[in-house]
Amino acid sequence: MGQILLFDPDAEHARQIAAAFRCISTQTVICADTQTAASLIDARAFDVAVVVALPGLDWDLPVEFIRHSALRRAEPPQIVCLLRGPYRGPSVRVYAARKGFKVVYEQEC
Amino acid sequence: MSKSAKFAQLIQEVHVALAERRDLRQRGIHLIITHARVDHVPGTACSAGEMIGDVAIGGVLGPVSLGLSDTSKLLIDCFCRYRMPLTALRIEQIMNSDPFYFHYAANRIGRTHVALPDRSSVRVYVWRIREQMEKVLRELGLRFDAQRILVSEATETNTLVYRLKATVEFLHVDGSACQ
């Protein structure tokens, strides 16, 4: 069973994502702040770390913080960033590819 | 829009990431070995006198060279072509009997002598290859223990055998550029 760390400051939103992950048989651990995410990454092995980023210019700050914690591990989790809000052009995905993580956009309701 | 549809793209991405991780654990990394020969006939197998132009990691944005020395390239090539656990002694025997290694780079213009790994130097070259692999993987943001790619295992008689855990692809190119 895949181990997923889900960082999302919005508790209700995090609960919805965790529920959606059940269809791919994963075990999801939710956290709402970057310090807890870093401690969890230090303490146990995750396959994937999902970082939910809120709209704004500094969307990449939590991703970078968690990425740096992950890179300290012998086998770091793959980081997937879920961007909320409007499409921001190709530069976001190019930046993510260079840094070794993936970016997906949340589908608008 | 349902909740699962809202996160469909995320679920797909995480599903693929989990599958990639499983694949990496089970099959190791992907290596691309480029053989070069001036008169290589396309579609034919590797032959004596060819050179190993490069050993690169594939499966990333583009092949990334491991930057290995000639002797290390010979050793990696041997693991890739023989696909079985090899002792240092067996590697030395292969180097001295397989025409590909014995006549290695015989068609190269200029310096032709390349030191073949022998039973005493295999351990050192394996260590160097692992160091170089880890360096390149780190630069690619892929922290991966090279001891799990180039594996050493002890037999029941305590003899050390080496085995490469990777998928391999051989490319043959016109070697005039590699002289």
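Before reading further, recall that the structure is shown in the block above.
Residues numbered from 1 in each chain as written. Chains lettered and ligands numbered in written order. Predicted model: local features only at pLDDT ≥ 70, side-chain atom pairs only at ≥ 80, totals over all residues.

Draft legend 1. Up close: the nonpolar core. Ranked by size, the top nonpolar core spans 35 residues in total, and within it B:Val55, B:Leu75, B:Phe79 and B:Ile129 carry the most contacts. Contributing elements (two or more residues each) for this core: strand S1 (29-37), strand S2 (51-58), helix H3 (70-82), helix H4 (88-97), helix H5 (99-102), helix H6 (122-139) and strand S6 (160-164) of chain B. Residue contributions to this core peak at six residues, all from H6(B). Counting residues in each nonpolar core, the second largest holds 33 residues, with A:Phe7, A:Ala20, A:Phe21 and A:Ala70 among its members. (Core = buried A, V, L, I, M, F, W, Y, C linked by C-beta atoms within 7 Å. Buried ≥ 20, exposed ≤ 12 C-beta atoms within 10 Å, placed from the backbone. Helix = DSSP H or I, 4+ residues; strand = E, 2+ residues; numbered from the N terminus.)

Draft legend 2. Focus on the interface of chain A and chain B. At the junction of the two partners, chain A supplies 28 residues and chain B supplies 19 residues. Of all elements in the fold, only strand S1 (2-7), helix H1 (11-21), strand S3 (48-53), strand S4 (78-83) and strand S5 (102-105) of chain A reach the threshold of two or more residues within the side of chain A that touches chain B. The element that contributes the greatest number of residues to the side of chain A that touches chain B is H1(A), accounting for five residues. Counted by class, the side of chain A that touches chain B contains 17 nonpolar, five polar and six charged residues. (Contact = placed C-beta atoms within 7 Å. Nonpolar A, V, L, I, M, F, W, Y, C, P; charged D, E, K, R; others polar.)

Draft legend 3. Quick look at the environment of B:Tyr162. All names here are of chain B. In this structure, Tyr-162 sits in strand S6. Among the residues examined, Tyr-162 registers 21 C-beta atoms within 10 Å and is labelled buried. Separated by 97 residues in sequence, Tyr-162 and Ser-65 have C-alpha atoms that sit 22 Å apart. Setting aside anything within four residues of it in sequence, one finds Tyr-162 in contact with Phe-79, Pro-85, Leu-86, Val-126, Leu-150 and Ser-152.

Draft legend 4. Inspection of H3(B) at higher detail. Taking 1.5 Å per residue as the helical rise, H3(B) with its 13 residues ought to reach 18 Å, and the 18 Å between its terminal C-alpha atoms agrees with that figure. Residues of H3(B) that are buried include every one of B:Ser72, B:Lys73, B:Leu74, B:Leu75, B:Ile76, B:Asp77, B:Cys78 and B:Phe79, and no others. (Expected span 1.5 Å × (residues − 1).)

Draft legend 5. Spatial organisation of the sheet that holds S6(B). Residues and elements named next belong to chain B. Reading across the sheet, the three strands line up as S4-S6-S5 and stay open at both edges, with antiparallel pairing between neighbours. Both outer strands of the open sheet, strand S4 (86-87) and strand S5 (150-154), are each paired with one neighbouring strand and no more. Note: S4 against S6, two bridges, orientation antiparallel. Opposite Thr-87, over in S6, you have Val-161 as the bridge partner. (Pairing = 2+ DSSP bridges.)

Draft legend 6. Expanded view of the environment of B:Ala36. On the secondary structure map, B:Ala36 appears in strand S1. Considering only alpha carbons, one finds B:Ala36 and B:Ile129, 93 residues apart in sequence, at a separation of 21 Å.

Draft legend 7. Region of interest: the pairing of S6(B). All names here are of chain B. Pairing geometry for S5 and S6, over five bridges, is antiparallel. Bridged to Ser-152 within S6 is Tyr-162. The antiparallel pairing of S5 with S6 creates a hairpin that spans five residues between the two strands, and Asn-158 there sits at a positive phi of about 70°.

Draft legend 8. Broad picture of the pairing of S4(A). Residue and element names in this part refer to chain A. For S4, the tally of buried residues reaches six of six residues, placing the bulk of the element in the interior. Residues Gln-78, Val-80 and Leu-82 point to one face of S4 and Ile-79, Cys-81 and Leu-83 to the other, with burial holding for every one of them. Sheet topology places S3 next to S4; six bridges connect them, and they run parallel. From the neighbouring strand, Val-52 faces S4, where its bridge partner is Leu-82. Here S4 pairs with S5 via four bridges, running parallel. Each residue of the ladder has a partner; that of Val-80, found in S5, is Lys-102. As a crossover connection, the stretch from S4 through helix H4 (residues 90-99) into S5 is right-handed. (Right-handed = clockwise from strand over helix to strand, strands pointing away.)

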